[in-house]
Amino acid sequence: IFFSTLYFRLRYFPFVFLKPTVRIGSGVTVKPFYNLMKNGDKIFEVRLGKSVKIGQGTILQGSGVIIFGDRSFCGENCVFGANSTITIGDDVMIASMVTIRDTNHNMFDTNLSMNKQGVSSLNVEIGDDVWLGHAVIILPGVSIGDGAVVGAGSVVTKDIAPYSVVAGVPAKMIRIRGTESKSDVT
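Quick caveat, the model's predicted, so the values are computed rather than measured. (Residues numbered from 1 in each chain as written. Predicted model: local features only at pLDDT ≥ 70, side-chain atom pairs only at ≥ 80, totals over all residues. Heavy atoms only, no water.)

Attention now goes to the environment of M107. Position of M107 relative to the elements: it lies in the loop between β14 (103-105) and β15 (119-121). For the pair M107 and Q117, spaced 10 residues apart in sequence, the C-alpha to C-alpha distance is 6.6 Å. (Helix = DSSP H or I, 4+ residues; strand = E, 2+ residues; numbered from the N terminus.)

What follows is the structure, given as structure tokens:
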């Protein structure tokens, strides 16, 4: 799917099927940030792999690129803001109310109001087979390795190694997947 200067919101259908196996829930909003797309230099692009599911009420916005890998799932009411690139690997589970942003407002010049300082963007990369729990927040420049698990309500400010289980604000390592005993899991 390619969105250039398109803005749409699905209102009347419970699901829209764009490919035989891609499902987008009702109330999903796709909107470019027009003020960051000067003279057609930038476009807002959303790329969906095979069998992707995007839950209702989710917002995809920006002037960059959002990529969902094959068989990835996004729950309801998530927010993706991309002015650079957000890449989500294959087989990723994203629970509801997750926020992933690759952009932050500049604020360092105290002689200039923050709303006039522009933004800075850093790519966000989420590997394959990752699970992001309910209401996780992923900040700009973060890379999450393959097989990682991020606990509900966590704020991810730094890279996460493959197969790590992290949680908290900010997210910190709890263990490595595959090293827990059965009593740790039950």
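Take a nonpolar patch on the surface next. Among the surface-exposed residues, M107, F108 and M114 lie close enough to one another that they form a single nonpolar patch of about 400 Å² accessible area. Along the polypeptide, F108 turns up in the loop between β14 and β15. By relative accessible area, F108 is classed as exposed at 69%. (Patch = residues over 30% accessible without salt bridge, like charges linked within 9 Å, V, L, I, M, F, W, Y side chains within 5 Å. Areas by Shrake-Rupley, 256 points an atom, 1.4 Å probe, with all protein chains shown as cover. Salt bridge = Lys/Arg side-chain N within 4 Å of Asp/Glu carboxyl O. Buried < 20%, exposed > 50% of the residue type's maximum accessible area, 1.4 Å probe, protein only.)

Moving on to the confidence of the model for the chain. For the chain, the average pLDDT comes to 84, and 80% of its residues sit at 70 or higher. In this model, residues 1-17 is a region of pLDDT below 50 whose contacts with residues beyond four sequence positions or in other chains number 52 contacts. (pLDDT = per-residue confidence, 0-100. Contact = heavy atoms within 4.5 Å.)

Right, let's get into the nonpolar core. By size, the foremost hydrophobic cluster in this structure holds 35 residues, and its most contacted members are F68, F80, I94, I100, L132 and I144. Of all elements in the fold, only β5 (45-48), β8 (65-68), β10 (79-82), β11 (85-88) and β16 (124-126) reach the threshold of two or more residues within this core. Other than its neighbours up to four places away in sequence, I100 contacts V79, F80, G81, I86, I94, V124, I126, L132 and I138. (Core = buried A, V, L, I, M, F, W, Y, C linked by side-chain atoms within 4.5 Å.)

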